[in-house]
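# Residue-level structure breakdown
As a plain string of letters, each chain reads:
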Amino acid sequence: MTPDAPNCGSKPQLVILGRAVRELRERHGVSADLLAARTSNTLQRIHELETGRIDPDYEELVVLAEKGLGIRLSALVAHAARCESQPRSR
C-alpha cells in the first residue's frame, strides 16, 4: 500500500465496505449518531467502520444492515461490489 493511500494499514476491501456503509447511510438519511444508536455501537466504532479501520464480523454486518439501515445484508454487499468497480467521487 502506498503512503498516500486512504487509511494506511487498512485492507482495501474494508475501505470499500466502509464506503458502501457510509453511502447507504447517507442515502437512507441516517446520521452516524442514529446508526450507532440503532446498532448499539459507539459513534467512534461507526466512524472506524466507515473508514475501513475495523473488520466487522458477520453478525455485526447483519445488525448494521438490518437494524441500522433497514436493508438486507445482501443489499449492502451488492452496493460494496458496485463501489469497488467505481472510482471514488469527492
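Located above this text is the structure these notes cover.
For the structure given in this document, a descriptive report is provided here. (Residues numbered from 1 in each chain as written. Predicted model: local features only at pLDDT ≥ 70, side-chain atom pairs only at ≥ 80, totals over all residues. Heavy atoms only, no water.)

Bringing the overall build of the protein chain into the picture now. Looking only at helices and strands, the protein chain has five helices and zero strands in total. Counting over 90 residues, the protein chain shows a buried share of 42%. Considering only contacts in the protein chain between residues 6 or more positions apart, those separated by 24 or more positions represent 60%. (Helix = DSSP H or I, 4+ residues; strand = E, 2+ residues; numbered from the N terminus. Buried < 20%, exposed > 50% of the residue type's maximum accessible area, 1.4 Å probe, protein only. Contact = heavy atoms within 4.5 Å.)

Two numbers describe how helix H1 (residues 12-27) lies on helix H5 (residues 73-85): the axes approach to 8 Å, and their chain directions differ by 115 degrees. Judged by the inter-axis angle, H1 sits roughly perpendicular to H5. Considering the relative orientation of H1 and H5, their crossing is right-handed. Residue-level contacts link Ile16, Leu17, Arg19, Ala20, Val21, Glu23, Leu24 and Arg27 of H1 to Ala75, Leu76, His79, Ala80, Cys83 and Glu84 of H5. Considered class by class, the residues forming the contact of H1 with H5 number nine nonpolar, one polar and four charged. (Axes fitted to C-alpha atoms, helices over the stretch in contact; angles between N-to-C directions. Parallel < 35°, antiparallel > 145°, perpendicular 65-115°, else oblique. Left-handed = near helix turned anticlockwise from the far one by under 90°. Nonpolar A, V, L, I, M, F, W, Y, C, P; charged D, E, K, R; others polar.)

A separate point is H5. For H5, built from 13 residues, the straight-helix expectation of 18 Å at 1.5 Å per residue is met to within 8% by its first-to-last C-alpha distance of 19 Å. For H5, the full list of buried residues reads Leu73, Leu76, His79, Ala80 and Cys83. Angularly, the buried residues of H5 cover 125 degrees about the axis, an arc narrow enough to put them on a single face. (Expected span 1.5 Å × (residues − 1). Arc of directions from axis to C-beta.)

Another aspect to go through is the pattern of salt bridges. Once their charged atoms are close, side chains differing in charge can pair, the charge on each being opposite to the other. For the structure on display, the rule yields five salt bridges. A salt bridge links Arg22 to Glu26; the shortest N-O distance between them is 3.8 Å. Pair noted here: Arg22 and Glu26 are both in helix H1, with a separation of four residues, about one helical turn. Note on Glu26: relative accessible area 44%, which makes it partly exposed. As a salt-bridge pair, Arg25 and Glu50 come within 2.6 Å of each other at their nearest N and O atoms. Separated by 25 residues along the polypeptide, Arg25 in helix H1 and Glu50 in helix H3 (residues 43-50) bring together distant segments of the chain. Assigned by exposure class, Arg25 and Glu50 land together as buried. Through salt bridges that share partners, Arg22, Arg25, Glu26 and Glu50 make up one connected network. (Salt bridge = Lys/Arg side-chain N within 4 Å of Asp/Glu carboxyl O.)

Nothing here speaks to function; it is geometry throughout.
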